[in-house]
Structure formats: C-alpha cells, structure tokens
Amino acid sequence: MMTQTNRNLQNLLNNRAGNVGFIAAASVLPLLAIIGGGVDMGRAYMARTQLQAACDADVLAGRRAMSVSGKYSTDETAKAQAMFDANFHASSVDAEGIEFKTKANDKGQVTGTASATMGNVVMSVFGLKDFNLSSECMAELQVANADVMFVLDTTGSMGGGGRIEGLR
C-alpha cells in the first residue's frame, strides 16, 4: 500500500498537466495583497492630503483672526476649528477619531496638529486594520519688504518750463 502511494505521488509530481491551474491558485493571495495594498495606500494618501490641507487652512484662519484681535483665545481657536471642520470631510475618507489642536507662540505663529484613523478595506483581511494619519502645520504673519524705485524722465519733454530742475 505504501509503495502504491509513493508511486502515485511520484506520478503526480512528474505529471505536468494542470500546472497552470495550481500556479494561478497559488498567486491569487499575493496578487490580492498587492492590489489591496495599493488601493488602501491610495485611499490613505488621499485622506492624508485632505487632512494636511484642512490643517493648513485652519492655522491660516486662526492666524488671520489673531491679527485682528492681537491675541489667540477661544474665539480665534473656534474660528480655526470651524475652518478645519469645513475642509476635512471625515465621511468621504472613512476617517474616525479625528483630533485637531492649535496654539500660538510668542513669535506670533499659530501651529496646529491634526490626526485621524482610517480603516482599511482590503488589507484588513491580512491583519492591517487601520492607518494612523497625522499632520502638522504652522502659519505666521509675514510682512513683505517693499522695494521702491523712481524712474526719471530725462527726455526732451522735461526740458521746458524748469520741469527737470523741479524734479531734481
């Protein structure tokens, strides 16, 4: 009986018929992991981008509100939070556990941190349940330097009536 089983196993190993089916069946799981990882990573990238944009918008709103009042208190924090809520749509990216915090420092800068958790769709089958997303942002009031340039007209039209002397 053992000899017959060994012969059958040897015949099965030497038989090349149907190999494509076994190879296709063995590659389904790795292909699912690769494609699912790509899908979930793409979703996480889009959610992280939206989180960063919302963080940037809220600190800009908080800094603008701070420039009007000169301080960063609950009113300015509320304006920043309202801007964050308007720009981050948690339901569209399936995010939960959203946290957002801002504060101002003595240099007039408003900094913020935002974080969220996004569930996986395909990769949860392989044990990767969530992506933890986080973002940091900062806004400050910058006054640009203004360069002033004078252009003097020294053509013939300035010659009459003492215009060039008045300009000098």
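Our subject is the structure that appears above.
Residues numbered from 1 in each chain as written. Predicted model: local features only at pLDDT ≥ 70, side-chain atom pairs only at ≥ 80, totals over all residues. Heavy atoms only, no water.

Novice: Lay out the sheet that holds strand β3 (residues 130–139) with the relevant residues and their values.
Specialist: Reading across from one edge, β1-β2-β3 is the order of the 3 strands in this open sheet, with antiparallel pairing throughout. Two strands bound the open sheet, and with one partner strand each, they are β1 (95–104) and β3. Strand-to-strand twist of the sheet, defined as the mean angle between neighbouring strand axes without regard to direction, takes the value 10°. Seen against the sheet, helix α2 (residues 19–69) touches β1, β2 (110–119) and β3 and runs at an angle of roughly 25° to β3. Along the sheet, helix α3 (residues 74–87) makes contact with β1 and β2, crossing β1 at roughly 145°. (Pairing = 2+ DSSP bridges. Helix = DSSP H or I, 4+ residues; strand = E, 2+ residues; numbered from the N terminus. Axes fitted to C-alpha atoms, helices over the stretch in contact; angles between N-to-C directions. Contact = heavy atoms within 4.5 Å.)

Novice: Got a sec to walk through the pattern of salt bridges? Specific residues and values, please.
Specialist: Taken as a whole, this structure holds 2 salt bridges when the rule is applied. The shortest N-O distance in the salt bridge between R43 and D40 comes to 3.6 Å. Placement of both R43 and D40 in helix α2 is noted, with a separation of 3 residues, approximately one turn of the helix. Judged by its relative accessible area of 0%, D40 falls in the buried class. Residue R43 pairs with D94 through a salt bridge whose shortest N-O separation is 3.9 Å. Of this pair, R43 sits in helix α2 while D94 sits in the loop between α4 (90–93) and β1, and the two are 51 residues apart along the sequence. (Salt bridge = Lys/Arg side-chain N within 4 Å of Asp/Glu carboxyl O. Buried < 20%, exposed > 50% of the residue type's maximum accessible area, 1.4 Å probe, protein only.)

Novice: Before we move on, can you summarise the packing of aromatic side chains with the specific residues and values?
Specialist: Applying the stated rule across the entire model yields 2 aromatic pairs. Ring centres of F84 and F88 lie 5.8 Å apart, and the angle between their planes is 25°; on these two criteria the pair is classed as stacked. On the basis of relative accessible area, F84 is assigned to the buried category, the value being 2%. Judged by centre distance (4.6 Å) and plane angle (5°), the ring pair of F84 and F100 falls under stacked. Taken as a pair, F84 in helix α3 and F100 in strand β1 lie far apart in primary sequence, 16 residues in all. (Phe/Tyr/Trp six-rings, centres within 6.5 Å; stacked < 30°, edge-to-face > 60°.)

Novice: An account of the environment of S115 is needed here, citing residue identities and associated values.
Specialist: Considering the arrangement of structural elements, one finds S115 in strand β2. Sequence spacing of S115 and N132 is 17 residues, and the spatial spacing of their C-alpha atoms is 7.4 Å. Apart from the residues within four sequence positions on either side, S115 is in contact with L51, G97, I98, E99, L133 and S134.

Novice: Requested: an account of the side chain of R63, with residues and values cited.
Specialist: Take R63: it is sitting in helix α2. For the buried R63, no salt bridge exists, and the shortest N-O distance to an oppositely charged side chain is 7.6 Å, to E140. (Lys, Arg positive; Asp, Glu negative; His and termini not counted.)

Novice: Any details on the state of the cysteines? Residues and values, ideally.
Specialist: Here the structure, examined in full by the defined rule, presents 1 disulfide. For C55, the disulfide goes to C137, at an S-S distance of 1.8 Å. Taking the sign of the S-S torsion, -70° for the link of C55 and C137, the bridge is left-handed. Linking C55 in helix α2 with C137 in strand β3, this pair joins segments that are 82 residues apart in sequence. Since its relative accessible area comes to 7%, C137 is described here as buried. (Disulfide = S-S within 2.5 Å.)

Novice: Describe the pairing of β1, listing the residues and the values that go with them.
Specialist: Every other side chain in a regular strand lies on the same face of the sheet, so the side chains alternate between the two faces. Note that β1 and β2 share 8 bridges and pair antiparallel. Note on β2: the bridge partner recorded for T102 is G112.

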